[in-house]
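One-letter residues, chain by chain:
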Amino acid sequence: MNFLSLIEAKRAGATLTPEQIQAGIRAFTAGTIPDYQMAAFLMAVFFRGLNTAETTALTLAMRDSGDLLKFPKDKRPLVDKHSTGGVGDKVSLPLAPLLACLGFRVPMISGRGLGITGGTLDKLDSIPGYKTLLPAKRITEIVQEVGCVICGQTERMVPADKKLYALRDVTGTVPSIQLITASILSKKLAESLDALILDVKFGCAAFMQTKADAQKLAKAMVALGNQCGVNTRAILTDMNTPVGRAAGNWLEVRESVDCLDGKGPEDLRMLVIDCAAHLQVQTRKARTLVVARKQAEACLDSGAPRHKWDEMLQAQGADLTAFRRKLAKDVTARVVVELKAKRSGYVTRCDARILGEVIRDIGGGRLTKEATINYDVGVDQLVKPGEPIKADAALCRIHAGDVQQAGSARTRLAAAFQISPRRARSLPSVSGMIG
């Protein structure tokens with residue numbers, strides 16, 4: 001096909017037909033359209049946008065570029081959750097085993113990091129032996145036997161998105177409502193879901209900087225998801241401050257286990273419970289969110305999701321002995337230093353964007369597709385907005401690969417925190433719901 005004509009048409013603001021979009025995605029998936037042409041097309045879409053029909057056509061073309069997951073009939077609904085990405089956002093990790101214990105099946109197909117946001121698969125890769133790449137048959141088996149799986153898409157599952165996902169990350173085309181919608185929903189529609197909860201983030205470290213933009217993205221995804229037959233709902237959450245007190249792949253796995261053990265930070269716990277509660281209402285397992293939250297909280301506190309987590313890890317090849325040994329270590333990075341407060345007062349800002357950029361730059365994320373990740377670097381023991389701090393007390397710990405990295409990170413992270421004499425009013429993590 002003449003893909004150049006599609007690039008030129010979209011550059012000029014023309015509307016593409018579903019047939020043109022489908023043909024382009026088929027050709028790109030087959031390898032007959034080079035990365036540089038698709039990069040040009042993505043940039044044209046970034047600036048010119050896609051209308052509803054074009055976005056729907058792109059989503060379905062990506063979904064149909066490979067195999068769909070198929071599950072046997074079962075009284076347990078098939079559900080999933082997806083976040084648009086954030087710093088310290090490890091909600092999926094404790095949520096999947098919680099949902100399995102609440103009587104759901106969870107085929108959670110996840111991705112790797114985009115920009116400064118951490119990827120669920122990158123976090124799981126820090127677990128000894130854990131396999132994030134599984135054949136479709138094994139995904140189905142684990143979901144049926146264990147109740148949940150967290151893995152990447154197979155080579156034959158939504159391959160168009162896998163190629164586009166990596167390309168968007170290094171071409172500056174990540175923050176496009178239409179491209180985000182198509183990427184997320186193409187994978188979720190391929191899971192044959194009954195219900196989906198979306199966590200759409202806004203703030204300095206989110207793809208959508210403002211709540212208004214996050215609402216636009218949430219409405220687009222909820223409308224398209226429901227149109228395609230999946231009961232879809234979205235919550236709007238703040239991403240000016242990291243989720244929890246740790247950011248960085250292994251450090252977030254540790255904090256997720258703390259959450260399952262009842263020792264995790266409150267904002268993480270509440271987000272996990274909230275997502276579970278919405279899915280209970282969406283699938284009519286609970287009549288109201290109040291009842292659903294109580295059920296989810298009781299289940300999380302029962303300890304069953306913690307055991308389900310180990311069961312899922314074992315099913316996906318993890319070495320549980322090595323995992324527990326690693327969990328027992330306070331630090332796994334080569335160098336750990338503290339960033340100390342210069343004065344006493346209250347923390348009024350903990351800038352998630354600065355933290356995300358620093359963690360990426362010391363090896364916790366990717367600047368190029370080929371970049372190698374250091375799973376042990378990151379930041380933990382964060383002091384969050386609204387909390388008191390004494391002069392010379394630690395605002396956070398920095399886990400780095402060497403002394404030079406640690407020193408550079410400490411200098412840059414000082415700008416992420418603001419300390420004031422008065423306590424600022426803390427904002428709720430969840431600030432809206434759509435669907």
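To keep things clear, this report deals only with the structure shown in the data block.

Definitions and cut-offs
- Residues numbered from 1 in each chain as written.
- Predicted model: local features only at pLDDT ≥ 70, side-chain atom pairs only at ≥ 80, totals over all residues.
- Heavy atoms only, no water.
- Helix = DSSP H or I, 4+ residues; strand = E, 2+ residues; numbered from the N terminus.
- Rg over C-alpha atoms; globule rule 2.2 N^0.38 Å.
- Buried < 20%, exposed > 50% of the residue type's maximum accessible area, 1.4 Å probe, protein only.
- Contact = heavy atoms within 4.5 Å.
- Areas by Shrake-Rupley, 256 points an atom, 1.4 Å probe, with all protein chains shown as cover.
- Lys, Arg positive; Asp, Glu negative; His and termini not counted.
- Charge placed at Lys NZ, Arg CZ, Asp CG, Glu CD.
- Pairing = 2+ DSSP bridges.
- Axes fitted to C-alpha atoms, helices over the stretch in contact; angles between N-to-C directions.
- Parallel < 35°, antiparallel > 145°, perpendicular 65-115°, else oblique.
- Left-handed = near helix turned anticlockwise from the far one by under 90°.
- Nonpolar A, V, L, I, M, F, W, Y, C, P; charged D, E, K, R; others polar.
- Core = buried A, V, L, I, M, F, W, Y, C linked by side-chain atoms within 4.5 Å.
- Phe/Tyr/Trp six-rings, centres within 6.5 Å; stacked < 30°, edge-to-face > 60°.
- Lys NZ or Arg CZ within 6 Å of the ring centre and 35° of its normal.
- Salt bridge = Lys/Arg side-chain N within 4 Å of Asp/Glu carboxyl O.

**Some remarks on the overall build of the protein chain**
When helices and strands are counted, the protein chain shows 17 helices and twelve strands. Relative to the compact-globule value of 22 Å for 435 residues, the protein chain shows a C-alpha radius of gyration of 21 Å, a close match. Its C-alpha atoms put the protein chain at 65 × 50 × 40 Å along the principal axes. Among the 435 residues that make up the protein chain, the fraction classed as buried is 58%. Within the protein chain, contacts between residues separated by at least 24 positions form 79% of all contacts whose residues are at least 6 apart in sequence. Counting every atom, the protein chain has about 17700 Å² of accessible surface; 51% of that belongs to carbon and sulfur. In the protein chain, which carries 60 positive and 44 negative side-chain charges, the distance between the mean positions of the two groups comes to 3 Å.

**Topic: the sheet that holds strand E8 (residues 378-380)**
Strand order in the open sheet made by the three strands is E6-E10-E8, with antiparallel pairing throughout. The strands lining the two open edges of the sheet, one partner per strand, are strand E6 (335-340) and E8. With direction set aside, neighbouring strand axes in the sheet form an average angle of 25°. Both E6 and strand E10 (residues 394-400) contribute to a ladder of six bridges, which runs antiparallel. For Val336, the partnering residue across the bridge sits in E10 and is His399.

**A look at the sheet that holds strand E9 (residues 388-389)**
Pairing between sheet strands relies on hydrogen bonds along the backbone, with the strands arranged either parallel or antiparallel. One open sheet holds the three strands; their spatial order is E9-E7-E11, and the pairing between them is antiparallel. Among the strands making up the open sheet, the edge pair consists of E9 and strand E11 (417-420). Of the pairings in the sheet, the one linking strand E7 (residues 345-350) to E9 comprises two bridges and is antiparallel in character. Its bridge partner lying in E9, Gly345 is registered against Ile389.

**Topic: unusual backbone geometry**
Residues other than glycine seldom take positive phi values, yet Gln381 does so here, at roughly 55°. Even without a glycine there, the phi angle at Asp392 is positive, about 75°. Mapped onto the elements of the fold, Asp392 is located in the loop between E9 and E10. On the basis of relative accessibility, which here comes to 53%, the residue Asp392 falls in the exposed class.

**Thoughts on the packing of helix H1 (residues 3-11) against helix H3 (residues 35-48)**
At a closest axis distance of 8 Å, the pairing of H1 and H3 adopts a crossing angle of 20°. As the angle between them shows, H1 and H3 are arranged roughly parallel. Here the hand of the crossing between H1 and H3 comes out left-handed. Residue-level contacts link Phe3, Leu4, Leu6, Ile7, Lys10 and Arg11 of H1 to Gln37, Met38, Ala40, Phe41, Ala44, Val45 and Arg48 of H3. Here the contact of H1 with H3 is built from residues that sort into nine nonpolar, one polar and three charged.

**A word on the nonpolar core**
One finds Ile127, Trp309 and Phe323 to be the most contacted residues of the largest nonpolar core, which totals 138 residues. Ranked by residues supplied to this core, first place goes to helix H12 (residues 266-282) with seven residues. Beyond its immediate chain neighbours, meaning those up to four positions away, Trp309 contacts Leu93, Pro97, Leu124, Ile127, Val253, Val257, Leu260 and Phe323.

**Here's the deal with the packing of aromatic side chains**
Here the distance between the centres and the angle between the planes together describe a pair of aromatic rings. All chains considered together, the criterion is met by three aromatic pairs. Where Phe3 meets Phe41, the ring centres are 5.4 Å apart and the plane angle is 55°; that geometry is what we call tilted. Of this pair, Phe3 sits in helix H1 while Phe41 sits in helix H3, and the two are 38 residues apart along the sequence. Accessibility assignment for this pair places Phe3 and Phe41 in one class, buried. Seen in terms of ring centroids, Trp250 and Phe323 are 5.9 Å apart; in terms of plane orientation they differ by 90°. Their pairing is edge-to-face. A residue pair is termed long-range when its members are at least 10 positions apart, and Trp250 in helix H11 (residues 249-260) and Phe323 in helix H15 (residues 320-328) qualify at 73 residues. Note on accessibility: Trp250 and Phe323 belong to one class, buried. Just above the ring of Phe28 sits the side chain of Lys163; from NZ or CZ to the centre is 4.3 Å. Here Lys285 stacks its cationic end above the ring of Phe104, 5.2 Å away from the centre of that ring.

**So, the pattern of salt bridges**
All told, the structure shown has 33 salt bridges when counted by the stated rule. With a closest N to O distance of 3.1 Å, Arg269 and Glu297 form a salt bridge. You can see Arg269 sitting in helix H12 and its partner Glu297 sitting in helix H13 (residues 289-301), a full 28 residues away along the chain. Among the salt bridges present, the one from Asp301 reaches Arg269, with a minimum N-O distance of 2.9 Å. Of the two residues, Asp301 sits in helix H13 while Arg269 sits in helix H12, which places them 32 residues apart along the sequence. Judged by relative accessible area, which is 12%, Arg269 ranks as buried.

**Examining the pairing of strand E2 (residues 106-110)**
Regular strands place side chains that alternate from one sheet face to the opposite one. Within E2, five of the five residues are buried, which leaves the element mostly enclosed by the surrounding structure. Of the two faces of E2, the one holding Val106, Met108 and Ser110 and the one holding Pro107 and Ile109 are both buried throughout. Pairing of E2 with strand E3 (residues 148-152) involves five bridges; the strand directions are parallel. Its bridge partner lying in E3, Val106 is registered against Cys148.

On their own, these measurements won't tell you what the molecule is for.
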